[in-house]
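# Close look at the chain arrangement
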Amino acid sequence: MSKSLGNGVDPLDIIDSHGADALRFVLCQVATSTQDVRLPVDLVCPHTGKTFTPKFIHNSSGRLVPAPTQESPGDPSKKMVTAFGIATGQVKATPEIPLARNTSAKFDQGRNFATKLWNAARFTLSMLAEPPAPSLDPASGDLALADRW
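Parameters and conventions
- Residues numbered from 1 in each chain as written.
- Predicted model: local features only at pLDDT ≥ 70, side-chain atom pairs only at ≥ 80, totals over all residues.
- Heavy atoms only, no water.
- Helix = DSSP H or I, 4+ residues; strand = E, 2+ residues; numbered from the N terminus.
- Contact = heavy atoms within 4.5 Å.
- pLDDT = per-residue confidence, 0-100.
- Pairing = 2+ DSSP bridges.
- Axes fitted to C-alpha atoms, helices over the stretch in contact; angles between N-to-C directions.
- Left-handed = near helix turned anticlockwise from the far one by under 90°.
- Buried < 20%, exposed > 50% of the residue type's maximum accessible area, 1.4 Å probe, protein only.

### Structural notes on the side chain of Thr103
Inspection of the secondary structure assignment puts Thr103 in strand S7 (residues 101–103). For Thr103, the residues in contact, after removing those within four places along its chain, are Val9, Ile14, Ser17, His18, Pro40, Val41, Asp42, Val44 and Thr51.

### Here's the deal with the confidence of the model for the protein
Scored by pLDDT, the protein comes out at a mean of 85, with 92% of its residues at no less than 70. Looking over the protein, one finds the lowest element-wise mean pLDDT in helix H5 (residues 145–148), namely 76, and the highest in strand S6 (residues 79–81), namely 94.

### Focus: the sheet that holds strand S1 (residues 42–44)
Sheet architecture is open: three strands sit in the order S2-S1-S7, paired in antiparallel fashion. Taken across any chain shown, the strands that pair with only one partner, and hence form the sheet edges, are strand S2 (51–52) and S7. Sheet topology places S1 next to S7; three bridges connect them, and they run antiparallel. Counterpart to Val44 in the pairing with S7 is Arg101.

### Topic: the packing of helix H2 (residues 20–30) against helix H4 (residues 106–127)
Relative orientation of the contacting elements H2 and H4 amounts to 115°, with a least axis distance of 8 Å. The two elements H2 and H4 meet at a crossing, and its hand is right-handed. In contact with Asp21, Ala22, Leu23, Phe25, Val26, Gln29 and Val30 of H2, H4 contributes Lys106, Phe107, Gln109, Gly110, Arg111, Phe113 and Ala114.

### A closer look at the environment of Leu43
Note on placement: Leu43 falls in strand S1. On the basis of relative accessibility, which here comes to 1%, the residue Leu43 falls in the buried class. Note: C-alpha distance between Leu43 and Thr103 (60 residues apart in sequence) is 5.8 Å. Excluding its chain neighbours within four sequence positions, the residues that come into contact with Leu43 are Lys50, Thr51, Phe52, Pro54, Gln70, Thr82, Ala100, Arg101 and Asn102.

And the structure:
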């Protein structure tokens, strides 16, 4: 989740696009005790909402990073800036050239799993019979305090 190089994903962006359960599931799924987690980082175009793989460049220290400005995948005349470009101070987001949010396809798996659990729980609850009505009145005083609660 580190964004020091501008090539990580913002947890708030993932919660907005995939949900908090998907974020938690994927972080638990890919967590290891001794290795870094590798997430393939894509960008979400602010103009079209489509996900695409960014163009990469080598920075001054030789690391492969997303280019500070990117072209919209559907319309090359529309530009956007990346988190790396803003973090390094090379570019600034404006209303005409907005920030492209980072995302990862791994979170689709988490969203799909959370949806599957939700649907299974809804199905199970729909198959249960209505609970029987209580045979004793809690206000009558025949029940102990714990039973009344």
